[in-house]
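Spelled out, the chains give:
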Amino acid sequence: MSSVPQATSLRRAPVQRRSAERLTRILDACADLLDEVGYDGLSTRAVAERAGVPIGSVYRFFGNKRQMADALAQRNLERYSERVTERLKGARRGDWRAAMDAVLDEYLAMKHTAPGFSLVDFGNQIPVGARHAEPNHRVADRLTALLSDYLVREPDDDLRRTFLIAVETADTLVQLAFRVDPEGDPKVIDETRELLRAYLARTLD
C-alpha cells in the first residue's frame, strides 16, 4: 500500500527510500497527534518529536501544519482508492451497486480505524489547500477515474457530475450519522445507502 502522497502537497518529493520512510513516519505522527490533541493543538515540532526526526526534516517536506494535514488527506485518498480497488477485485464488472457499497463501506471503515481520519479524511474537516482543490471534487475526480472502466462507462462530465452529487450527498449524511452517534448511527447510514441507490439507479441502470 502506498504511503507517499502526491508530490503537489510537498515542498520536496522524496526520492530515496530512506526519505520516503521518513515522510511516512512524519505523516503517521501527524495522524496520531490529530486524534490526541486536535488540529489546533498540532505543531510541526510535536510531529517531529513523535516521529523521531529533526524538525528540519519536517520543514524539508512541509512549510506549515496546514500543508502537512493536506498531505495526510491526500495519502488518505490514495489508501482509500486502493481499498476500494481491492474490494472490487472479486465483484462482477458493471455492478454499480457493488461499487457503491465498496465506496461507502471502505470510507466508514477508515473513519473508524485510520488515525487522524475523523478530523482530516480527504480534507473536509480542516480548511486545507486551495479552494479549487475542494475535497469532494477531489474525491469525485478520483472515483470517476477509478470506476469508469469497472462500470463500463465513459469518464465524461455526466459520470463525473453523478459522482460529485453522490459524494456531496453521502458526505453530508455521514456527517449527520456521526453527529447523532459518535460511532455512526446505523439507521442514518442505512438511509444514506438507500438514498444513494435510488439516485444512482436513474443514471447507472
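Below: a short report on this structure. (Residues numbered from 1 in each chain as written. Predicted model: local features only at pLDDT ≥ 70, side-chain atom pairs only at ≥ 80, totals over all residues. Heavy atoms only, no water.)

### Examining the nonpolar core
What counts here: We define a nonpolar core as any set of buried Ala, Val, Leu, Ile, Met, Phe, Trp, Tyr and Cys residues linked to one another through side-chain atoms lying within 4.5 Å. Partly exposed describes any residue whose relative accessible area lies between the buried limit of under 20% and the exposed limit of over 50%, with all areas from a 1.4 Å probe on protein chains only and scaled to the type maximum. Segments assigned H or I by DSSP are reported as helices when at least four residues long, segments assigned E as strands when at least two residues long, and all are numbered from the N terminus. Only heavy atoms matter for contacts: two residues are in contact if any of them lie within 4.5 Å across the pair.
Within the largest apolar cluster, 37 residues are counted, with the highest numbers of intra-cluster contacts made by Tyr80, Leu143 and Leu147. Counting only elements with at least two residues in this core, the list comes to α4 (65-87), α5 (96-113), α7 (135-147), α8 (157-180) and α9 (186-204). Setting aside its immediate chain neighbours within four residues, Leu147 contacts Val84, Leu88, Ala99, Val103 and Phe163. Residues Leu27, Ala48, Val53 and Phe62 belong to the second largest nonpolar core, which totals 23 residues.

### So, the pattern of salt bridges
The condition that has to hold: By definition here, a salt bridge exists when the distance from a side-chain nitrogen of Lys or Arg to a carboxyl oxygen of Asp or Glu is within 4 Å.
With the rule as written, the count across this model stands at 17 salt bridges. Between Arg142 and Glu78 there is a salt bridge, with its nearest N and O atoms 2.9 Å apart. In this pair, Arg142 sits in helix α7 while Glu78 sits in helix α4, placing the two residues 64 residues apart along the sequence. When sorted by exposure, Arg142 lands in the same class as Glu78, which is buried. Note that Arg197 and Glu194 form a salt bridge whose closest N and O atoms lie 3.1 Å from each other. Here Arg197 and its partner Glu194 are both found in helix α9, three residues apart, which amounts to about one turn of the helix.

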